[in-house]
Each structure stands twice: as structure tokens, then as C-alpha cells.
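What follows is the residue order along each chain.
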Amino acid sequence: MTDRDQPPPAAETPPENEATGHSASSIRSWALSLLAVLAVFYTLFLASEFLLPVILALLLALLLNPLMHPLRQLRLPDAICAAIVVFGLLGAIAGTGYALSTPAAKWVQEAPGVLYQLQRKVNALRQTVREVSQTAEQVERLAQSPNKPPVVQLQGQGLRDIILARLRSIAIGAVMATFLLYFMLASGDRFLRKLMSTMPTFRDKRRTLEISRRVQGEVSAYLFTFALINIGLAMVTSLTMYLLGLPNPVLWGVLAGVLNFVPYLGPATVLTVLAVVATLTFDQLHAILLPPGAFLVITSLEGQLLTPMILGRRLALSPIVIFLGLIFWGWLWGVLGALLAVPIMVSIKIVCDHIEPLQPIGVMMER
């Protein structure tokens, strides 16, 4: 047979299953990633009673870490420095709670009467402003007797057991967080040194040390600065409410400072509370509008001017990220989760900014 009679060689073609194999591998990778994320979320929800004190202690340790430096300069051991900081924090919380316990308990005890007075005020203002709202109609149904305010009673053993169980859980979590906070402050950099000792090369150790230092420094600075801003907001709000003649101004200032950790929803709640208290306190319309209006100006200046100027735009989160964070952490861990949502999200963003594979996530979280 001659060469002319031989059939031409077949053209080389890629294996038929190569593209299919890559596609199947990609699908398996995405499926495993999704299962891992769902497993993490389920673990966060299931272990909330354990994780909440741990995360709270970690954030408090980062918040209070700047207070350890001046104490260390006095040549005091880390254990004594941590004890001073922790007992100082407990003393401040106890003192604030004691100072606010009387006015807070008074408002709780007078809640039924407050509803009755609010109904009367709303009826009087309705004649002037011509506003008929569903809230006023509900209050009218609550106050059926014009001379006797309604009495709210908690009945049923089940509700009391639920409240006691919840208080017991909160107390246990607070004790756990306190001890963890002490040990985290007292340990200093021991955990970081042990982590570095497991790194195989000097380059990995140096990179781990640099990332840990920068993340810890930036998170600590953010939390400490944001806490100082909220303390300043509480003081300005208390002084403003005092000058406007609102009763218990310190109570409303502390409420504003604490709820300011929850963006948008926190200030809106304080604004509503101040509007109700002003309605119960004053008779004239301009006097009623002054306290919530003044707080609206204060919180707007703080949120739109002061905080971005101090913390910088780089740490500013997107409003979409903030709302999603509030919804997610509030759904996952309740009220405490909503309070911790923004510090957690900012901490995650700072970590992503300093780890190269996660930097796109940090960019997406920016404003």
C-alpha cells in the first residue's frame, strides 16, 4: 500500500470529559463552601450561650487594651493591671446602674399611669394639630375609665419562669465574660507568641506578627474611639435634656449613648422615647417638640460629621452592610447581637483589609 492510499491521520481532539470534569469540580467546590457557611451559621446559632460571652469579652479586651499601657509603664504585673482595669469597669457599670435604678424603676412602675396620661395629652393635641392616628385609638381603648388608669398585671407561672431563666442565663454569661476578659487582658501577647512558634519559617512568623499587631491595634483604636464618641453623645444629650427641663436627663443620655451602638434604629428609638416623655411633661406644642428636635440635631451632627471625621471614611461601612448586619446578628443573638453588630462588622472588615485573599470582601463592605 502506498502513502497515497493510507487514510489521513485523525485530528487531535481534547478529552471529552475534561470540560465536564472542571465543571463538576467547580460545582462540588461551591457546594462544599455553601455547606461550610451554613454549618458556621448553625454553630453560631446553636452555641450562642457560649459564644456571646466569648465575643463580648474579646471586644471588651480590645476596647480596654489601651488602658493597660499606662499601667504597664508603672512596672506593674499584667495580672494586677488587668485586675485594676476589670474592677474599674465593674465599678463604673455598678455606679451607673445604681444612679439610674431609681428613675428607671419609677418609669417602669408608672407605666400604666403613663399610658393614661399619654392618652389625655394626645386627645388635647389632636384638637390642635388635627391628627388622628391608630396609636391614639389604641391608647383610648387601653384607658376605658376616665378616672382610673389601667393596671397591668403579669399573670401566669410560665412567664415568670421564662423571665427567671433568662435572667439566670444573662447572669451566667456576664460572669463568664468577666472572667474571660480578665484572663485575656492578663495574658497579654502570650497567645500570639505561641501562635508564632507554630509557624514553619521566619517569614511566616513575621507576617503573622505584623497582621496580628495591625488588626489588634486598629480594632482596639476603633472600639475605644467609638466608645468615647458615645460617651460624649450621652453627656451632651443629658445636658441638653436638663437645659430643656426634661425629667431624669441622665437616664435619657445613657440610653442615647448605649443605643448609639445600633445605627439608625438606636437613635430612632431614643427619638421616640424623648417625644413620648416630652408629651407627658409639657403642655405647649413648642416645648414638646424641642427635646426630640434637639436630639435629632445632636445625633445628626454626630453621625454625619463627627464620627466620620474622627474615624475616617475607610472604616465607614456601607448602609446596606449595616442593615444586613443588624438584621443578621439581631436575628441570631437577639438584642445583644444587635448591639454588637457594628463592632463585629467593623472588626471583620479590618481583618479582611489586612489579609490579601479577603481584601475584596473588605472593599465591598466600604461605604
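Further up the page is the structure itself.
Residues numbered from 1 in each chain as written. Predicted model: local features only at pLDDT ≥ 70, side-chain atom pairs only at ≥ 80, totals over all residues. Heavy atoms only, no water.

Draft legend 1. Seen up close, helix α11 (residues 285–311). Its 27 residues place the ends of α11 38 Å apart at the C-alpha level, agreeing with the 39 Å of an ideal helix rising 1.5 Å per residue. Of all bends in α11, the biggest is about 40°, found at glutamate 302. Regarding α11, the residues found buried are Ala287, Ile288, Pro291, Pro292, Phe295, Ile298, Thr299, Glu302, Thr307, Pro308 and Leu311. (Helix = DSSP H or I, 4+ residues; strand = E, 2+ residues; numbered from the N terminus. Expected span 1.5 Å × (residues − 1). Bend = angle between axes of the 7 residues up to and from the residue. Buried < 20%, exposed > 50% of the residue type's maximum accessible area, 1.4 Å probe, protein only.)

Draft legend 2. Structural detail: the pattern of salt bridges. Scanning the model with the defined rule gives 1 salt bridge in all. A salt bridge links aspartate 78 to arginine 72; its shortest N-O distance comes to 3.0 Å. (Salt bridge = Lys/Arg side-chain N within 4 Å of Asp/Glu carboxyl O.)

Draft legend 3. Region of the structure containing the packing of aromatic side chains. For the structure shown, the criterion picks out 7 aromatic pairs. Here the aromatic rings of phenylalanine 45 and tryptophan 331 are separated by 6.2 Å at their centres, their planes lie at 15°, and the arrangement is stacked. A residue pair is termed long-range when its members are at least 10 positions apart, and phenylalanine 45 in helix α1 (residues 17–46) and tryptophan 331 in helix α12 (residues 319–354) qualify at 286 residues. You can call phenylalanine 45 partly exposed: its relative accessible area is 44%. With a relative accessible area of 60%, tryptophan 331 lands in the exposed category. Plain terms: the ring middles of tyrosine 264 and phenylalanine 323 are 5.2 Å apart, the flat faces sit at 5° to each other, and that makes the pair stacked. With a gap of 59 residues between them, tyrosine 264 in the loop between α9 (249–259) and α10 (265–281) and phenylalanine 323 in helix α12 connect regions that are remote in the sequence. (Phe/Tyr/Trp six-rings, centres within 6.5 Å; stacked < 30°, edge-to-face > 60°.)

Draft legend 4. View of unusual backbone geometry. With phi around 65°, arginine 75 is a residue other than glycine that occupies positive phi space. Topologically, arginine 75 is positioned in the loop between α2 (48–72) and α3 (78–109). Despite not being glycine, asparagine 248 shows a phi value in the positive range, around 55°. Examined against the element boundaries, asparagine 248 turns out to sit in the loop between α8 (202–243) and α9. Classification of asparagine 248 by relative accessible area gives partly exposed; the value is 26%.

Draft legend 5. Spotlight on the packing of α10 against α11. Packing of α10 against α11 leaves a shortest axis separation of 7 Å and a crossing angle of 160°. Between α10 and α11, the interaxial angle falls into the category roughly antiparallel. Note on packing geometry: the crossing formed by α10 with α11 is right-handed. On α11, the residues that touch Pro267, Val270, Leu271, Leu274, Ala275, Ala278 and Thr279 of α10 are Ile288, Pro291, Pro292, Phe295, Leu296 and Thr299. Taken together, the residues of the contact of α10 with α11 sort by class into 11 nonpolar, 2 polar and no charged. (Axes fitted to C-alpha atoms, helices over the stretch in contact; angles between N-to-C directions. Parallel < 35°, antiparallel > 145°, perpendicular 65-115°, else oblique. Left-handed = near helix turned anticlockwise from the far one by under 90°. Contact = heavy atoms within 4.5 Å. Nonpolar A, V, L, I, M, F, W, Y, C, P; charged D, E, K, R; others polar.)

Draft legend 6. Here's a closer look at the environment of leucine 89. Tracing the backbone through its elements, the reader meets leucine 89 in helix α3. Residues leucine 89 and threonine 178, 89 residues apart in the sequence, show an inter-C-alpha distance of 9.8 Å. Leaving out residues up to four positions away in the same chain, leucine 89 has contacts with Leu60, Leu64 and Leu181.

Draft legend 7. The arrangement of a nonpolar patch on the surface in detail. On the surface, a nonpolar cluster with roughly 660 Å² of combined accessible area is contributed by Leu32, Leu34, Leu35, Val37, Leu38, Val40 and Phe41. Within the secondary structure, leucine 38 sits in helix α1. Residue classification places leucine 38 among the partly exposed residues on the basis of a relative accessible area of 48%. (Patch = residues over 30% accessible without salt bridge, like charges linked within 9 Å, V, L, I, M, F, W, Y side chains within 5 Å. Areas by Shrake-Rupley, 256 points an atom, 1.4 Å probe, with all protein chains shown as cover.)

Don't take any of this as a statement about function, it's just geometry.
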